[in-house]
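# Structural overview
Listed below, chain by chain, are the residues.
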Amino acid sequence: MDQNQLERLNDLKKNVEHKIQQETSSPNTNNHEHLKKLELLNISLQEINKRIDEYYQTNPSSSINGVVKKPKVKKARKMWAAVVILLLIVAAVVFVSWILQLTGKEVVSGVDENGNEIWVPIKALGIADIFYLPLKGFERQVEIVIFILMIGAFINVVVRSKALEGMAQNITLALKGKEIWAIVPLMLFFSICGSIEGMCEESLGFYAICIPLMLMAGFDTFTAFLIVFLGAGIGVVGSTLNPFAVTVAVNELNEWAKDPNFISSGDGLVWRFITWAILTIFAIVFTVRYAKKVKNNPQKSVVFATLEGDKKFFLANSYEKIEMNWKRKFTVWVFCLTFLLMLVYLVKWDSIFGITWFATASEWFHKHVWFFSSQIPGIGVGYLIEVATFFLIATIILGLVNGLGQEKFLGQFTEGAADYIGVIFVMATAAGVSIGIENSNLRYLITEVVKNGLSGIQSSYVKIILLFLIFIPISFLIPSTSGFSTLIFPLIAPIVAIEGETPGTWVADPALASGSIAAFVNANGFINLFSPMAAALMGGLALSRVDYGTFLKKMFPFFVGVLLIIMTMLCIGVYVSENISSVLA
């Protein structure tokens, strides 16, 4: 063990001690699950102290006269939270508006009926607006806020049932003796979750089951890390229906165009699905190849130095097998069917295929099945409030089936919704930035700068690649997909839209509109695969006992491969939309 590992152990010790303190002060001290968690934390602390003692025994120079000389632990720099960064952006918008107003800057806001340019001055914002604008953002984002609260409650009730953990465990145990192939269905499962519901921090709960199972199968903790993190992470990179990315981006473009039919989640869905499939296969092949090397020669493991200690620690404290009773099986089915319903409901099938089947079915349903609902719009017509209703109904059904009772159900419901309060604050603050840019007329200036930068570029291929590359550093500063969408898409909307026949109307560019959404989800997911700001990454590495530097060194070739795949697929998508079918890409 070297000095760097000792420093990491000391950092980990502080974190575990802090968690023990939190659990000890928790009101649920008599809860069986809580007591089990507290027991595991204490065992972890004992193991960490043991490793620290072993270091000082093998390094006597680190102690003086029997007194342990504590190493100077470098204080890790904490990255600013997304909401803090966004508040600073609000402040920057206010400051810039002062300068531009004082200089008498004017910008073109559009054209009048005669085709003459309309010039408007930059309006200065005030200091109090830094705090006022985020609250106005809540007002603008109320529909999405409701949707996120409902989906958060739903996911928590599902996760707390342990149905998803049980399913993942059964897949692995069913392939005993052929454990290498357990990697494929597990990663596929996590990738699907990442693609359709943006699984991120929720994946941290799966390490407790995946790490012991992989170690028992003869692999290492890094294999388990790749299965969980890379599975969910690559799914987010290839987001197909991720409501926190795709849906929010679509909503922002539609609001900008003042047309609910400007673009839908179904536009480009087929190509996003193909991209997701290729990226997922690439990630699975990478993980399987690594796992085979470790299985055949443990010295190939990136954590070989701690492999034996990892086995003693994790296998001594592995969880018991989760029984997949009928309740948990039912929960898995409801989980899958609810997201499938969201997929089917949000896509505008009639407009895609030029039919009226779903509109006719909706009329028939309201007329003959009015006792179920006479208010919810039909498939392809409704939006987030309607989908939030589906998740609310599904959550209540799961509460009844799992016999939670009123108190337990409401506790899990509010706990799940509360988990996403941070996301909501980020979205509201991002919306506040957008409102500030709009009200100060800065959006016309920003749009003009971006358009002028791309105006000389006629190729849609170059435009989409430039958007992708621009989105990467922005995603680093604003890792929240919903916050990014809310801030950026109203600004780039003029670039991905074509002016309609009627003055003041817009239609989506067949290549750039859906392509910009694909570029966004690809860029945001890609940066979060290795960004130290990504909680899912840093938490997964800590749980798997893998060093961040080791992770970057091992994964660098993989990241290069992902980057090349994304850029290739974006270019092919532009070609397909311009020459074959805009529905596909």
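Quantities reported herein were computed from a predicted structural model and do not represent experimental measurements.

## Some points on the environment of Leu12
Looking at the element boundaries, Leu12 is found in helix H1 (residues 3-24). Expressed as a C-alpha distance, the spacing of Leu12 and Ala542, which sit 530 residues apart in the sequence, is 7.9 Å.

## Focus on the packing of aromatic side chains
As enumerated under the stated definition, the model contains 26 aromatic pairs in all. On the basis of an interplanar angle of 80° and a centroid distance of 5.3 Å, the ring pair of Phe222 and Tyr290 is categorised as edge-to-face. Note that Phe222 is positioned in helix H9 (residues 221-237) and Tyr290 in helix H11 (residues 269-296), a separation of 68 residues in sequence. Note on Phe526 and Phe530: the rings are 5.3 Å apart at their centroids and 80° apart in plane angle, and the pair reads as edge-to-face. Residue Phe526 is classed as buried on the basis of its relative accessible area, which comes to 7%. Note on Phe530: relative accessible area 22%, which makes it partly exposed. Connected via pairs of aromatic rings, a cluster forms that spans Phe222, Phe225, Phe229, Phe282, Phe286, Tyr290, Phe526, Phe530, Tyr548, Phe551, Phe558 and Phe559. Over the ring of Phe219 we find Lys295; its NZ or CZ atom is 5.3 Å from the centre of that ring.

## Side note on the confidence of the model for the protein
Across the protein, the average pLDDT comes to 80, with 80% of residues at 70 or higher. The model gives residues 63-68 a pLDDT under 50, and that stretch makes five contacts with residues more than four places away or in other chains.

## Focus on the packing of helix H10 (residues 243-257) against helix H21 (residues 481-492)
A pair of packed helices can be characterised by two numbers: the angle between their axes and the separation between those axes. As a packed pair, H10 and H21 sit with axes 8 Å apart at the nearest point and diverge in direction by 25°. Between H10 and H21, the angle falls in the class roughly parallel. In this structure, the crossing between H10 and H21 has a hand that is right-handed. Touching Phe244, Ala245, Val248, Ala249, Glu252, Leu253 and Trp256 of H10 are Thr481, Ser482, Ser485, Thr486, Phe489 and Pro490, all from H21. Grouping the amino acids of the contact of H10 with H21 by side-chain chemistry returns eight nonpolar, four polar and one charged.

## Thoughts on helix H4 (residues 129-140)
Think of an α-helix as 3.6 residues a turn; residues three or four steps apart then line up on the same face. Between the first and last C-alpha of H4 there are 16 Å, a value that for 12 residues agrees with the 16 Å anticipated at 1.5 Å per step. Buried residues of H4: Ile130, Leu133, Pro134 and Gly137, and no others. Seen along its axis, H4 keeps its buried residues to an arc of 100°; they face one direction. Structural note: H4 exposes Phe131, Leu135 and Glu139 on the side pointing more than 90 degrees away from its buried face.

## A closer look at the pattern of salt bridges
If you walk through the whole model with that rule in mind, you get three salt bridges. Two residues, Lys136 and Glu139, come together in a salt bridge whose shortest N-O distance is 2.6 Å. With Lys136 and Glu139 both in helix H4 and three residues apart, the pair spans about one turn of that helix. Looking at Glu139, the relative accessible area reads 52%, which means it is exposed. For the salt bridge of Arg140 with Glu438, the shortest nitrogen-to-oxygen distance reads 2.9 Å. Taken together, the positions of Arg140 in helix H4 and Glu438 in helix H18 (residues 421-439) put the pair 298 residues apart, joining distant regions of the chain.

About the criteria used
Residues numbered from 1 in each chain as written. Predicted model: local features only at pLDDT ≥ 70, side-chain atom pairs only at ≥ 80, totals over all residues. Heavy atoms only, no water. Helix = DSSP H or I, 4+ residues; strand = E, 2+ residues; numbered from the N terminus. Phe/Tyr/Trp six-rings, centres within 6.5 Å; stacked < 30°, edge-to-face > 60°. Buried < 20%, exposed > 50% of the residue type's maximum accessible area, 1.4 Å probe, protein only. Lys NZ or Arg CZ within 6 Å of the ring centre and 35° of its normal. pLDDT = per-residue confidence, 0-100. Contact = heavy atoms within 4.5 Å. Axes fitted to C-alpha atoms, helices over the stretch in contact; angles between N-to-C directions. Parallel < 35°, antiparallel > 145°, perpendicular 65-115°, else oblique. Left-handed = near helix turned anticlockwise from the far one by under 90°. Nonpolar A, V, L, I, M, F, W, Y, C, P; charged D, E, K, R; others polar. Expected span 1.5 Å × (residues − 1). Arc of directions from axis to C-beta. Salt bridge = Lys/Arg side-chain N within 4 Å of Asp/Glu carboxyl O.

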